[in-house]
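Read off the chains here:
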2 protein chains.
Amino acid sequence: MAEPLAPGATIGILGGGQLGRMLAVAAARLGLKAHIFEPGADCPAAQVAHRTTTAPYEDAAALTAFARAVAVVTYEFENVPTAALDLIEAHVPIRPNRRALAISQDRLSEKRFLQDLGLTTAPFAAVDGLDDLQAGLDAIGTPAILKTRRFGYDGKGQVHLATAAEPATALAGLDGAPAILEGVVGFTREASVIAARGLDGQVAAFDPGENEHRQGILRTTTVPARLTKPQATDAVLLAGKILNALDYVGVIGVELFVTAQGLVVNEFAPRVHNSGHWTQNGCAVDQFEQHIRAIAGWPLGDGARHSDVTMENLIGDDIDRVPDLARAPDTALHLYGKAETRAGRKMGHVNRILGPAR
Amino acid sequence: MAEPLAPGATIGILGGGQLGRMLAVAAARLGLKAHIFEPGADCPAAQVAHRTTTAPYEDAAALTAFARAVAVVTYEFENVPTAALDLIEAHVPIRPNRRALAISQDRLSEKRFLQDLGLTTAPFAAVDGLDDLQAGLDAIGTPAILKTRRFGYDGKGQVHLATAAEPATALAGLDGAPAILEGVVGFTREASVIAARGLDGQVAAFDPGENEHRQGILRTTTVPARLTKPQATDAVLLAGKILNALDYVGVIGVELFVTAQGLVVNEFAPRVHNSGHWTQNGCAVDQFEQHIRAIAGWPLGDGARHSDVTMENLIGDDIDRVPDLARAPDTALHLYGKAETRAGRKMGHVNRILGPAR
């Protein structure tokens, strides 16, 4: 195993949104510096990072200079172009590794990977055309969801099929992109596990959170989730199974459906995850620091929770509630420094401390 | 009252050490930007601040440009040159105000101010020469401490007098600087209160912490302090008295001696204070955010504590303990990103979460 990064070393982060921003702050807390690579100007992470490179992912010279200036590279989003990763990896390790990224970038690979691990997923079928879709609908039934295999997030790139009628229309909605048909899973609640694996293979998980989505976007996460003890144990174990199978280093977010038949894995994100923001006010070591610890080769925090927390996202005009939220007791504000408010845009979040951990 | 600063506004901070660094991070959490003014290169705060001006306090052009680029100016240390403050105040408010700064810069003014408020201090006498010192020793007795009126911190600029012999030698140790003789207060423990006052006059205090010093430097703060209920109430009330008397805006740190006769005020710092670092892992709103809220005209947090905490400073070679501390449960690391370790230098601190607030 490589030596842990010494204080003063620089972490490279691809992406300068709110996740990159909170990763940069966590790195600083450990005496490490953050260098952001982000195509967009005035990104949230630049406000707290030691250095920022503003360049497109196609700028080979900028990417190379970035890779040479940092000790390790991580990312805040899944859709980093492959060519950019190739350039970076010639100079410096990428953590979590390329395989984790490649699998999670493609819903079909992800489902197959999970299935091969013996984990339960929604029924699914690859869809490369109308014939596939028809066959998938015959096998899976409706309701079902047709999703692009790549580049979907927050409910984008998805078509709901309440019935098997008009499959061609559904397919047209995806502009011919390679797709996957997924059966809709009936669930009692949605949960997620934020877990981490260190460079030495150590695994640590935070307690599962219970998620509430609205229009495909996460609204709240509450910890602890209302799970039975076996369900909570299963959630943590399956996250560990995924981490080990991928020889993963860093934090992963695994989204779950809780059903009468057990836990169904919806998807995983090879990065810090919105449903783990509660850890900032519930744990001594939060998910951002946990990720930095892992990719820097440091020991992981144990994931212990001191307080129960509800995290609520501030989306679009929710930002207008900040003056009231600033007055609320036991409430921690986390705003992202985004200059422009847009509908559906994540502007910040609040963590409400509910009381000592139960 | 002025409008609260809107997200995106910039806070100017004089001083780029660890306090400036943690203030910058707190500002970012509220969606505000931090602009550091610091003479030294590669300062800790620059690693997390939106902008940094590296210039001496005598550089009028740099100070003016800085003042014009920010919405309000605060400071992380007491000894900002007066001329620099004059230049800044021509353009932008300074919070906490000049009077608070002037009083706390001078141990004699500070003691007289506290005495005028009816608060108990150590017995003291102004010392401008040998005659004053002799008269002071006659009145106060020994043991006593001869301190420079200005520019002392962490035990520097102080001479302990165990007996009244050789006063000339003691005075020579201060190089002729204006001084104050203070009687030594017998105390059972040392405590401090971190309190804040908003732009609207609202006052909020964190629970008092119990401090342990070694060689004049703070080693640990533990919350709650072992105080009687009346003592804890007195501590908070006297902090409020000081804040109101100064028409103060921001966080103040008030150091106290706990004696059989009641609380004796040692000194106050018109800024966030080392003995308030525990709030980072004990409260939803920590002292750094509380200070930013106050100077930005935002509502204050209520100071409520969710967990009991012991803060321990990492001084000099203590930094070598980081690999072990990173493995310790319920322990939050806060490192300052200082490139060089020196004896007596504050390199970071750890907050140990002891359990739910009692």
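Given the structure is predicted, the values throughout are model-derived calculations rather than measurements.

About the criteria used
- Residues numbered from 1 in each chain as written.
- Chains lettered and ligands numbered in written order.
- Predicted model: local features only at pLDDT ≥ 70, side-chain atom pairs only at ≥ 80, totals over all residues.
- Heavy atoms only, no water.
- Helix = DSSP H or I, 4+ residues; strand = E, 2+ residues; numbered from the N terminus.
- Expected span 1.5 Å × (residues − 1).
- Contact = heavy atoms within 4.5 Å.
- Buried < 20%, exposed > 50% of the residue type's maximum accessible area, 1.4 Å probe, protein only.
- 1 Å grid on protein atoms, 1.4 Å probe; cavity = no way out; pocket = protein on both sides within 12 Å on 5 of 7 lines; lining within 4 Å.
- Points joined across faces, edges and corners; volume = space filled by probe spheres on them.
- Nonpolar A, V, L, I, M, F, W, Y, C, P; charged D, E, K, R; others polar.
- Buried area = accessible area lost by both parts, 1.4 Å probe.
- Salt bridge = Lys/Arg side-chain N within 4 Å of Asp/Glu carboxyl O.
- Polar contact = N/O pair within 3.5 Å; in protein donor to acceptor, adjacent residues only side chain to side chain.
- Pairing = 2+ DSSP bridges.
- Axes fitted to C-alpha atoms, helices over the stretch in contact; angles between N-to-C directions.
- Parallel < 35°, antiparallel > 145°, perpendicular 65-115°, else oblique.
- Left-handed = near helix turned anticlockwise from the far one by under 90°.
- Least-squares fit on C-alpha atoms with pLDDT ≥ 70 in both.

All names here are of chain B. Helix length check: helix α8 (residues 229-245), at 17 residues, gives a terminal C-alpha distance of 24 Å against a target of 24 Å (1.5 Å per residue), a fit within 8%. Where α8 is buried, its residues meet α5 (107-116), β9 (189-197), β10 (203-205), β13 (250-259) and β14 (262-269). In the stretch just after α8, Asp247 is the one whose phi turns positive, near 50 degrees.

Here we come to helix α4 (residues 98-105) of chain A. Each α-helix winds once per 3.6 residues, and so residues spaced three or four apart point in a common direction. All names here are of chain A. Of all eight residues in α4, six are buried; the element is thus mostly enclosed. All buried positions along α4 are accounted for by Arg98, Ala100, Leu101, Ile103, Ser104 and Gln105. Looking at the buried side of α4, the elements it contacts are β4 (72-75), α3 (82-89), α5 (107-116) and β14 (262-269).

This model, assessed by the stated rule, comprises three cavities of 30 Å³ or more. By volume, the largest cavity amounts to about 690 Å³. Counting only elements with at least two residues in the lining of the largest cavity, the list comes to α1 (18-29), α9 (279-282) and β16 (331-335) of chain A together with α1 (18-29), α9 (279-282), α10 (287-295) and β16 (331-335) of chain B. Looking at the lining of the largest cavity residue by residue, the classes come out as 23 nonpolar, nine polar and seven charged.

Listed per partner, the contact involves 36 residues of chain A and 36 residues of chain B. Interface area for chain A against chain B, summed over the two sides, is near 2800 Å², with a carbon-plus-sulfur share of 61%. Applying the counting rule to chain A against chain B returns zero salt bridges. The tally of links from chain A across to chain B stands at eight residue pairs in polar contact (both at pLDDT 80 or more). Within the residue set of the side of chain A that touches chain B, elements represented by two or more residues are α1, α11 (322-325), β16 and β17 (346-356) of chain A.

Here the focus is the pairing of strand β15 (residues 307-315) of chain B. Residues and elements named next belong to chain B. Burial runs high along β15: nine of the nine residues are buried. Examined bridge by bridge, strand β12 (residues 217-223) and β15 share four bridges and lie antiparallel to one another. Residue Thr221 lies in a different strand from β15, and its bridge partner there is Met311. Here nine bridges tie β15 to strand β17 (residues 346-356), and the two strands are oriented antiparallel to one another. From the neighbouring strand, Thr310 faces β17, where its bridge partner is Arg352.

The subject of this paragraph is the packing of α1(B) against α10(B). Residue and element names in this part refer to chain B. Here α1 crosses α10 at 65 degrees, and the two axes come no closer than 8 Å. By the criterion of interaxial angle, the relationship of α1 to α10 is roughly perpendicular. Judged by the twist between their axes, the crossing of α1 over α10 is right-handed. Taken together, the residues of α10 that come into contact with α1 (itself represented by Leu19, Met22, Leu23, Ala26, Ala27 and Arg29) are Phe288, Glu289, His291 and Ile292. For the contact of α1 with α10, a count of residues per class yields seven nonpolar, one polar and two charged.

A few words now on the sheet that holds strand β7 (residues 158-161) of chain B. Residue and element names in this part refer to chain B. What the four strands build is an open sheet, ordered β5-β8-β6-β7; its pairing is antiparallel. Among the strands making up the open sheet, the edge pair consists of β5 (124-127) and β7. Ignoring which end each strand starts from, the neighbouring axes of this sheet average 20 degrees apart.

What follows concerns the environment of Gly240(A). With respect to the helices and strands, the residue Gly240(A) is situated in helix α8 (residues 229-245). For Gly240(A), a relative accessible area of 11% puts it in the buried group.

Before going further, it helps to examine the pattern of salt bridges. With the rule as written, the count across this model stands at 42 salt bridges over all chains. For the salt bridge of Glu312(B) with Arg321(B), the shortest nitrogen-to-oxygen distance reads 3.1 Å. Beyond isolated ion pairs, a larger network of salt bridges with shared partners links Arg219(A), Glu312(A), Asp318(A), Arg321(A) and Arg352(A).

For the rest of this paragraph, the subject is the relation of the copies chain A and chain B. Laying chain A over chain B is done by rotating through 180 degrees and shifting 0.0 Å along the axis; what remains is an RMSD of 0.0 Å. In the structure described here, the two chain copies are related by an operation that fits a two-fold rotation axis. When C-alpha positions in chain A are compared against the rotation axis, the closest is assigned to Val48(A), at 2.1 Å. The fraction of interface residues of chain A whose copies in chain B are also interface residues reaches 100%, indicating that both copies meet through the same surface.

Moving on, we come to the sheet that holds strand β8 (residues 179-183) of chain A. All names here are of chain A. As summarised here, the arrangement of the four strands in space is β5-β8-β6-β7, forming an open sheet in which the pairing is antiparallel. Two strands in the sheet have a free side with no partner beyond their single neighbour: β5 (124-127) and β7 (158-161). Here the average twist between neighbouring strands, direction ignored, is 20 degrees. The pairing of strand β6 (residues 144-148) with β7 spans four bridges and is antiparallel. Looking across to β7, one finds that Ala144 is bridged to Leu161. Against the sheet, α5 touches β5, β6, β7 and β8, its axis set at about 145 degrees to β5.

Taken by themselves, the reported measurements are silent on function.
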